[in-house]
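Survey of secondary and tertiary structure
The lines below spell out each chain.
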Amino acid sequence: MSFSDSELSSHGGDYKTFRQISRDRLLHEMLRSSKSDDSRSSWKVLIMDKVTVKVMSMSCKMADITDQDVSLVEDLFRRRQPMPSMDAIYFIQPTKENVVMFLSDMSGREPLYKKAYVYFSSPIPKDLVARIKNDTSVLPRIGALREMNLEYFPIDTQGFITDHERALEDLYGENAESSRRFDDCLKVMASRIATVFASLKEFPFVRYRAAKGLDSSTVVSPRELLPTKLAAAIWNSITTYKTSIPNFPQTETCELLILDRSVDQIAPVIHEWTYDSMCHDLLDLDGNKYLSEVPSKSGGQPEKKEAILEDHDPVWLELRHAHIADASERLHEKMTNFVSKNKAAQLQQRDSSELSTRDLQKMVQALPQYNEQMEKLTLHVEIAGKINKIIRDMGLRELGQLEQDLVFGDAGTKEVISFFRANQVASSENKLRLMMIYASVYPEKFEGDKAAKLMQLAKLSVEDMKAVKNMKLIEGSESRKTSGGFSLKFDSKRKHAARKDRTGEEETWQLFRFYPVIEELLEKLSKGELPKDEYQCMNEPSPSQTSNGGNGSSHGSSTRTSQSTGPHSMRSRRTATWARQRLSDDGYSSDSSLRNGLDFKKMGQRIFLFIIGGATRSELRVCHKLTSKLKREVVLGSTSMDDPPVYLTKLKLLSETELSIDNIRI
């Protein structure tokens, strides 16, 4: 199969971020290039299946697609009207069913479309290629037949998922390894991850968290071998790209680290205090969609209005990783600054009888921009207000303090028992999340009948306690009970702790002490300090590469001086490091100021991190933070992006034999 030799690679030319490359390939390499010379009309039909329509929708907007002369988007398996005067672009998975449907569309005397440009989301088996070539009526009607190798789902400028919502159930459930879904899940997951590197033309060092006890008498469960198996499957796919994709790198250009959810079981359940995390944890969002109430223009009941919290909203882009208290404070400043400097806002505050004709003219001129910007600011003020009210009503500050004190060894059994006794009316979910953090730090407190006593004290149901019990299914063997893949030494006052304080930066906000384990792991990876016995490599670098950590830049710099300037502490305290942006006259921050001043021409090699079993918003935030700190784009991949309520539901299902995540609406 041919692969379009796109100039969109990250090697050479202007640096493009992970999501930019994904979007540009779909729009330019696929949609724009699909043109026939003899076509009278440039308009085309785009046909996709369930998977590829999700890939497209998470990478591009409908306006982007129509800008490429696509007049109609169709479902491959729905009845479609013939359009023999128009060309069709097929963006589909390389499955037998899809190929049969495509051949049915284009065969015979009267095909549905004039010409077909076919793009497969992942490598197509040879037998399906032969099937297409053997259909002599279809072959002359094919304008292109290519492997796009793009079957991942961008969820952020630096994040993607493989869309395996059932990964925990299929891979970690009781007796999961004996199910056919176990191997199928791993196979598809590996294929989709590999297309990330095919799409970006990146050849990674493939590192993975190795199972413990491989050289001892310890019995290693299949669950512990998941990172190893996934690494091998990804490696097998990537090595074929070296010969099948033109201009694919022949030497390593980036790093991939594969982990599983057992590396950090606290991050998915602890209360994360950033604006983004609080929105998804505490509000009833539908994905990134938030429903707000706006006054009715007719004076009736308030109307529901849908707002999407995404990168196109500059206020969201600036505040999403800020502490909720910082976000609230900055929103107040923005609103005050906006009103004080915006001419239309000032005029609206004055008595209408005092307005001159010139004043009215100025107000009309400023009004469209004023309305749009005021709506965005008002939306976020409303959201932040709701979150702060929930924090007060649910007493989350006290709970959040206890959670973080437990994690850092400043609280123990006494404080947990006191909390349960004093907060009998606290929600079951919050008590369960505290219990899970306690179980992570004090696993010995759940031996024998101790768990039952704690359950009674917290007034948690047997169903709730399944989540605590099933943490062991993810953990694997006893030999893996570490606090994130690196040993920690504690003084006598701190016999239990899952994290160490990171000193070196001044703490600005309370409850911003917690950091996910991956923060230290990624910093160690960047410095070439990951323990080789715990984090093995499929393609071990040569001694010459190892001498500088194998992290030379592929973007114009062969050294790592830009990554190590200034003092660097591996134990610096997690704090709010988000600098306040300079406000423009309308109280907004410009988009350009949100790039954190990064010089992308001096960016080092990318780091890819993949977490089997679901990632968290705190982990995605860390990847954004470390991109600035390390001067290397850090891309997070996972089977899914799970907010705490969803993760709890999935965890409870691990011990179910009949129920499935598909049967429960979350």
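Only a predicted model underlies this, so the values are computations on that prediction, with no experimental measurement involved.

Here we look at helix α4 (residues 96-106)
Residues of α4 that are buried: N98, V99, F102, L103, D105 and M106. In an axial view of α4, the angular spread of the buried residues amounts to 155 degrees, which keeps them on one side of the axis. The outward face of α4, more than 90 degrees from its buried face, is lined by the exposed residues K96 and E97. Looking at the packing, one finds that the buried side of α4 touches β3 (87-92), β4 (116-120), α5 (126-133) and β5 (142-147).

Some points on the environment of G173
The topology assignment puts G173 in the loop between α6 (167-172) and α7 (180-200). On the basis of relative accessible area, G173 is assigned to the buried category, the value being 4%. When the C-alpha atoms of G173 and S655 are compared, they prove to be 6.1 Å apart, with 482 residues separating the residues in sequence. Setting aside anything within four residues of it in sequence, one finds G173 in contact with L168, R223 and L654.

Here's the deal with the pairing of strand β9 (residues 254-260)
In terms of residue burial, β9 counts as a mostly covered element, since seven of its seven residues are buried. Here β9 shows two buried faces, one formed by C254, L256, I258 and D260 and the other by E255, L257 and L259. Alignment of strand β8 (residues 204-209) against β9, held across five bridges, turns out to be parallel. If you follow Y208 over to β9, its bridge partner there is I258. The pairing of β9 with strand β13 (residues 607-612) spans six bridges and is classified as parallel. Bridge pairing in β13 places E255 opposite I607.

Points about the nonpolar core
Membership of the largest hydrophobic core comes to 154 residues, with the highest contact counts inside it found for F91, L171, L230, Y275, I387, M436 and L522. Looking at this core element by element, the count peaks at eleven residues for α7. When neighbours within four sequence positions are excluded, Y275 is seen to be in contact with W316, L319, R320, A322, I324, A327, H380, I383, A384 and I387. If you look at the next biggest cluster of nonpolar residues, it comprises 23 residues, including V99, A116, L128 and I142.

Description of the sheet that holds β3
What the five strands build is an open sheet, ordered β2-β1-β3-β4-β5; its pairing is parallel. Here the strands that pair on one side only, and so sit at the sheet edges, are β2 (70-75) and β5. Each strand axis lies, on average, 15 degrees off the axis of its neighbour in the sheet, ignoring direction. Sitting on the sheet, helix α1 (residues 18-32) is in contact with β1 (44-48), β2, β3, β4 and β5, with an inclination near 135 degrees to β3.

Criteria and thresholds
Residues numbered from 1 in each chain as written. Predicted model: local features only at pLDDT ≥ 70, side-chain atom pairs only at ≥ 80, totals over all residues. Heavy atoms only, no water. Buried < 20%, exposed > 50% of the residue type's maximum accessible area, 1.4 Å probe, protein only. Helix = DSSP H or I, 4+ residues; strand = E, 2+ residues; numbered from the N terminus. Arc of directions from axis to C-beta. Contact = heavy atoms within 4.5 Å. Pairing = 2+ DSSP bridges. Core = buried A, V, L, I, M, F, W, Y, C linked by side-chain atoms within 4.5 Å. Axes fitted to C-alpha atoms, helices over the stretch in contact; angles between N-to-C directions.

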